[in-house]
Amino acid sequence: MHVNDTIVALATPSGTGAIAVVRLSGPDSHSIIRSIFKPAFAKAESKINPDQYDQIKANTITLGHIYDGDRMIDEVLLSKFVAPRSYTGEHVVEISCHGSIYIQQEIINVCLKNGARIAEAGEFTLQAFLNGKMDLSQAEAVADLISSESATAHQIAIQQMRGGFSNELQVLRKKLLNFASLIELELDFSEEDVAFANRDELKSLLQESQLKLRKLIDSFALGNVIKTGIPIAIVGEPNVGKSTLLNALLNEEKAIVSDIAGTTRDAIEDEINIDGIRFRLIDTAGIRETKDKVESIGIERSYSKAEQSKLVLYLLDATQLNTQPRILHCLMRIHIMREKFPDKPLIVILNKLDQITGLEHAEISKQIKSKQPDVHLISLSAQSGSGVDDLKKALVDSFNSGALSQDSTVVSNARHYDALQRAYASLLEVQQGMVQEVSSEFLAIDIRATAEALGSITGEITNDELLGNIFSQFCIGK
Ligand SMILES: Nc1nc2c(c(=O)[nH]1)N(C=O)[C@@H](CNc1ccc(C(=O)N[C@@H](CCC(=O)O)C(=O)O)cc1)CN2
Ligand SMILES: Nc1nc2c(ncn2[C@@H]2O[C@H](COP(=O)(O)OP(=O)(O)OP(=O)(O)O)[C@@H](O)[C@H]2O)c(=O)[nH]1
């Protein structure tokens, strides 16, 4: 990284668009533009004159033309930002040009010709971080925000970008470091047996920290699932209509539908967005005893998929429940599912509703309810789509949206989660050390380890390798 470079990149997606934005940041941004931009307010016949550009106020947009020597490239809108009041904290200029790929390239080229260099992935945001415009966790949230595909993922990213837990962690870290220093000071005066660090205050700080970290660590279960989608397993015997249901939910023909039992050999995954919540639906191979080798692997897998899911949809074929033994058989299956996954919410779906009479439906429901009174039963036709909305509603309801209130902080970044766990582990060491009255030296070491882990989240403690890893995953121009 070279602090004195002026970087340039396309800020909008590559390809043709109505408008494209080329962004420049660095100490030479303005001097580069001075020699290639002629504002519209200047006299038509006049040459490009650096004074004209200097008349433009910071934080304003100006119409004009970009030139490469005498050749006019495009009519553009130019936004001027003067350091340190810009996204990156450096001098920034944004050129909104017509969105042809040729024009985009020509404008970038003329900037390069005048001394800029192409920005690396994430370099604008890295610069914003280095200039203290945002901390590391906020910079990471910018990337999350760009890639968020559901309302909930968006909410978590926005929250974190606006500061999220950064301030809270920074305050905790400062307090901890303060204690570490006081304890270290005591060591210098060890012969005099003084205590600068009030042990009761330290104890309550440790308790407060422990609670806060625990809450953040626990929120990752939700945050992670929101980011990657809530996994839902669709389970049931062959031919009950799992693939058809998946298609009905997806509204597209993704899974292979056939009337040959055992068609679904492998788990198929897909994503749907219902009411701003992202679900990952996993269709599994029909569960039954089989001698077919390939199929039995599939069945093993469907149990393990059910294991990984947050909720199981157990599908039944209503047309197959026309005799008492068959109903008993299916009740036994439900019983097994519940025993196998006692903690997982289970929704039993009675499919092919279009093929049975109202009377038959009433009888089947009654039988199931009498043996499994608290089972969540939904009747639908995957083929016609009737009742599918009830299922969608049940899926949304099963998601504990209360846990995602406006102001609660949810950790969704695995790096933050790891660091929080490290901080928590060191914190427990400190607490244990206090109980066992270990030498202050060791207390201070563990307190500093806690502070260091917290500092790595916000980027107060960092290194080039970590920054490289994080920002190289950003897109170019961000
Ligand atoms: N055209 C454009 N749109 C954009 C961005 C951008 O950089 N350019 N952004 C980013 O990619 C986002 C907006 N974020 C921004 C955040 C801060 C500043 C900025 O100039 N901050 C200064 C001045 C603040 C002020 O005027 O009060 C500062 O922090 O000192 C600009 C954009 C989304 N839309
Ligand atoms: N009438 C009717 N037929 C359905 C319904 N849902 C599925 N089917 C039919 O039932 C048959 C099996 O459906 P699939 O979706 O392939 O069943 P599956 O459970 O995925 O089957 P496997 O891949 O063998 O596990 C197909 O012929 C579907 O058209 C429904 O609601 N009503």
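Residues numbered from 1 in each chain as written. Chains lettered and ligands numbered in written order. Predicted model: local features only at pLDDT ≥ 70, side-chain atom pairs only at ≥ 80, totals over all residues. Heavy atoms only, no water.

- Under an unreviewed UniProt entry, the name given to the protein chain is tRNA modification GTPase MnmE, and the organism recorded is Nonlabens tegetincola.
- Heading Sequence similarities (unreviewed entry) of the UniProt record for the protein chain holds this comment: "Belongs to the TRAFAC class TrmE-Era-EngA-EngB-Septin-like GTPase superfamily. TrmE GTPase family." (UniProt positions renumbered as here; feature names shortened; annotations may be inferred.)

Quick notes on the site of ligand 1
Logical step 1: By nearness alone, every residue bordering ligand 1 is listed as Arg-23, Asn-59, Phe-81, Pro-84, Arg-85, Ser-86, Tyr-87, Glu-94, Lys-133 and Lys-478.
Logical step 2: Residue Arg-85 places a side-chain N or O atom 2.6 Å away from an oxygen atom belonging to ligand 1.
Logical step 3: Within the complex, 48% of the 680 Å² of free accessible area of ligand 1 lies under protein.
Logical step 4: Within the shell around ligand 1, the residues separate by chemical class into three nonpolar, two polar and five charged. (Near = heavy atom within 4 Å. Polar contact = N/O pair within 3.5 Å; in protein donor to acceptor, adjacent residues only side chain to side chain. Areas by Shrake-Rupley, 256 points an atom, 1.4 Å probe, with all protein chains shown as cover. Nonpolar A, V, L, I, M, F, W, Y, C, P; charged D, E, K, R; others polar.)

A short note on helix H5 (residues 136-147)
Logical step 1: Between the first and last C-alpha of H5 there are 17 Å, a value that for 12 residues agrees with the 16 Å anticipated at 1.5 Å per step.
Logical step 2: Restricting attention to buried positions, one finds in H5 the residues Leu-136, Ser-137, Gln-138, Ala-139, Glu-140, Ala-141, Val-142 and Asp-144.
Logical step 3: Taking the backbone nitrogen of Ser-137 as reference, a side-chain oxygen 2.9 Å away marks Asp-135 as the first, capping residue of H5. (Helix = DSSP H or I, 4+ residues; strand = E, 2+ residues; numbered from the N terminus. Expected span 1.5 Å × (residues − 1). Buried < 20%, exposed > 50% of the residue type's maximum accessible area, 1.4 Å probe, protein only.)

Re the confidence of the model for the protein chain
Logical step 1: Of all residues in the protein chain, 90% have pLDDT values of 70 or greater, and the mean over the chain is 87.
Logical step 2: Every residue in residues 286-290 is under pLDDT 50, and counting partners more than four places away or in other chains gives 23 contacts.
Logical step 3: Scored below 50 in pLDDT, residues 294-298 shows eight contacts in the model against residues more than four places distant or in partner chains.
Logical step 4: Across the whole predicted complex the pTM is 0.75, and at the interface the ipTM reaches 0.74. (pLDDT = per-residue confidence, 0-100. Contact = heavy atoms within 4.5 Å.)

Some words on the packing of aromatic side chains
Logical step 1: Enumeration according to the criterion identifies three aromatic pairs in this entry.
Logical step 2: Among the aromatic side chains, those forming a connected cluster through ring pairs are Phe-129, Phe-471 and Phe-474.
Logical step 3: The ring of Phe-124 has Arg-23 lying over it, and the distance from NZ or CZ to the ring centre is 4.6 Å.
Logical step 4: When the ring centre of Tyr-53 is taken as origin, the NZ or CZ atom of Lys-80, which lies over that ring, is 4.2 Å away. (Phe/Tyr/Trp six-rings, centres within 6.5 Å; stacked < 30°, edge-to-face > 60°. Lys NZ or Arg CZ within 6 Å of the ring centre and 35° of its normal.)

Remarks on the nonpolar core
Logical step 1: Leu-245, Leu-313 and Leu-391 are the most contacted members of the largest nonpolar core, which has 34 residues in total.
Logical step 2: Both domain 2 (142-223 + 410-459) and domain 3 (231-381) contribute no fewer than three residues apiece to this core.
Logical step 3: Leave out the neighbours within four places in its chain, and Leu-391 touches Leu-245, Leu-249, Leu-313, Ile-347, Ile-349, Ile-378 and Leu-380.
Logical step 4: Leu-202, Leu-216, Ile-217 and Ala-423 belong to the second-largest nonpolar core, a separate cluster that totals 29 residues. (Core = buried A, V, L, I, M, F, W, Y, C linked by side-chain atoms within 4.5 Å. Domains from an automatic or database assignment.)

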